[in-house]
Amino acid sequence: MRIKDKVAIITGAGRGIGEAIARRFAAEGAKVALCDIDEANAKRVADDLCREGGVAEGFVVNVRDSLQVKNMVKKVIEEFGTVDILVNNAGITQDAMVHKMTEEQWDIVIDVNLKGAFRFSQAVIPIMREKGYGKIVNISSTSRNGNIGQTNYSASKAGLVGMTQTLAKELASKRINVNAIAPGTIETEMYALVPENIRQMANSLTPLKRPGLPEEVSSVCLFLASDEASYVTGQVINCDGGMFMS
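Cut-off values and rules
Residues numbered from 1 in each chain as written. Predicted model: local features only at pLDDT ≥ 70, side-chain atom pairs only at ≥ 80, totals over all residues. Heavy atoms only, no water. Helix = DSSP H or I, 4+ residues; strand = E, 2+ residues; numbered from the N terminus. Rg over C-alpha atoms; globule rule 2.2 N^0.38 Å. Buried < 20%, exposed > 50% of the residue type's maximum accessible area, 1.4 Å probe, protein only. Areas by Shrake-Rupley, 256 points an atom, 1.4 Å probe, with all protein chains shown as cover. UniProt positions renumbered as here; feature names shortened; annotations may be inferred. Pairing = 2+ DSSP bridges. Axes fitted to C-alpha atoms, helices over the stretch in contact; angles between N-to-C directions. Contact = heavy atoms within 4.5 Å. Right-handed = clockwise from strand over helix to strand, strands pointing away. Expected span 1.5 Å × (residues − 1). Disulfide = S-S within 2.5 Å. Parallel < 35°, antiparallel > 145°, perpendicular 65-115°, else oblique. Left-handed = near helix turned anticlockwise from the far one by under 90°. Nonpolar A, V, L, I, M, F, W, Y, C, P; charged D, E, K, R; others polar.

**Regarding the overall build of the protein**
Then, number 1: Scanning the protein from terminus to terminus reveals eight helices and seven strands.
Then, number 2: Taken over the C-alpha trace, the protein has a radius of gyration of 17 Å; the compact-globule value for 246 residues is 18 Å, and the two agree within 12%.
Then, number 3: Each principal axis of the C-alpha atoms in the protein carries an extent, and together these give about 50 × 35 × 35 Å.
Then, number 4: Every one of the 246 residues in the protein was classed for burial, and the buried ones make up 49%.
Then, number 5: Carbon and sulfur atoms provide 53% of the accessible area of the protein, an area that totals close to 11700 Å².

**Observations regarding the UniProt feature "domain: Ketoreductase" (unreviewed entry) in the protein**
Then, number 1: Here the UniProt feature "domain: Ketoreductase" (unreviewed entry) sits at residues 6–184.
Then, number 2: The distance from the first to the last C-alpha atom of residues 6–184 is 28 Å, and the span holds 50% helix and 20% strand.

**A look at the sheet that holds strand 3 (residues 55–60)**
Then, number 1: Taken together, seven strands build an open sheet; the order of strands is 3-2-1-4-5-6-7 and the sheet is parallel. The sheet is open, and its two borders are formed by strand 3 and strand 7 (236–239), each paired with just one other strand. The sheet shows a mean angle of 15° between the axes of neighbouring strands, taken without regard to direction.
Then, number 2: Sheet analysis places strand 4 (residues 85–88) next to strand 5 (residues 134–139), joined by four bridges and oriented parallel. Residue pairing across strands places asparagine 88 opposite asparagine 138, the latter belonging to strand 5.
Then, number 3: This element, helix 2 (residues 39–51), spans strand 2 (31–36) and strand 3 of the sheet and lies at about 175° to strand 3.
Then, number 4: Those strands touched by helix 3 (residues 66–80) are strand 1 (7–11), strand 2 and strand 3, and its axis lies near 160° from that of strand 3.

**Quick notes on the pairing of strand 3**
Every regular strand shows the same layout, with side chains that alternate between the two sheet faces.
Then, number 1: Of the pairings in the sheet, the one linking strand 2 to strand 3 comprises six bridges and is parallel in character. Bridge assignment links aspartate 36 to a residue of strand 3, and that residue is valine 60.
Then, number 2: Handedness of the crossover is the feature at issue here: the chain leaves strand 2, passes through helix 2, returns alongside strand 3, and the resulting connection is right-handed.

**Comments concerning helix 8 (residues 214–225)**
Then, number 1: Along its twelve residues, helix 8 runs 16 Å from first to last C-alpha, staying within 8% of the 16 Å computed at 1.5 Å per residue.
Then, number 2: Listed in full, the buried residues belonging to helix 8 are Pro214, Val217, Ser218, Val220, Cys221, Leu222, Leu224 and Ala225.
Then, number 3: Elements in contact with the buried residues of helix 8: helix 1 (16–27), strand 4, strand 5, strand 6 (176–183) and strand 7.

**Notes on the state of the cysteines**
Formally, a disulfide is one covalent bond, and it connects the sulfur atom of one cysteine to the sulfur atom of another.
Then, number 1: A complete count under the given rule lists zero disulfides for this structure.
Then, number 2: Free cysteine cysteine 35: the closest other cysteine sulfur is in cysteine 221, separated by 14 Å.
Then, number 3: Cysteine 35 supplies the cysteine sulfur nearest to cysteine 50, a cysteine that is in no disulfide, at a spacing of 16 Å.

**Re the packing of helix 1 against helix 2**
Then, number 1: Running from N to C, helix 1 and helix 2 cross one another at 20°; their axes reach a closest spacing of 11 Å. In terms of orientation, helix 1 lies roughly parallel with respect to helix 2. Here helix 1 runs over helix 2; the crossing is right-handed. Contacts between helix 1 and helix 2 pair Glu19, Ala22, Arg23 and Ala26 from the former with Arg44, Val45, Asp48 and Leu49 from the latter.
Then, number 2: Tallied by class, the residues present in the contact of helix 1 with helix 2 amount to four nonpolar, no polar and four charged.

**Details of the environment of serine 173**
Then, number 1: Structurally, serine 173 can be placed in the loop between helix 5 (151–171) and strand 6.
Then, number 2: The class of serine 173 is exposed, set by a relative accessible area of 64%.
Then, number 3: In sequence terms serine 173 and glycine 132 are 41 residues apart; their C-alpha atoms lie 8.3 Å from each other.

Next comes the structure, spelled out in structure tokens:
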């Protein structure tokens, strides 16, 4: 098992990519603390993992609330003793063309997607620094390169890349690796809401001619969270079927 007995916090773990990461981490021996704003989903996934023999607990947390974030990290440390891995996955969309986008749509997407990751990172970094070990994985997006109707989302995901690379430089001396994954089109509940013609266009622009699966993103995340990636930091790994190549 590649991350046996490591303690991992995963945000937005109640469904989609976050759920797939939680399930993969538990299968690889990690003790998983799931965070989601949806209590039913957080409990469902945690209960599933426990029934399957894993160690997991669900927490209801709004990543926009600094106190809730700090309280969750405190509880995880009390119950599991430490935090080894943080996956900042929680994210939302509020799409609109820029001339129609409201300040509220801008603010909430930046607050959840970017500042939420900042809040959790800031909360776990002290314990990682103290013990000289840690793995932080931020879930960005190929939309960081720009996407029509997603000024707010694209800005938040590009901001995550800047934060990833800055933290990687700040924390390298403490043996804390910080990386990002940029998924392309992935088959999630959110993706299912995209109009069929847009999905077909996305597939046509992807060399592999299909959307990815959450489990395929979780495989990349597992690598970055494991000691197999001990010499990888400050990187953005595209998991997009070849949509962007650089």
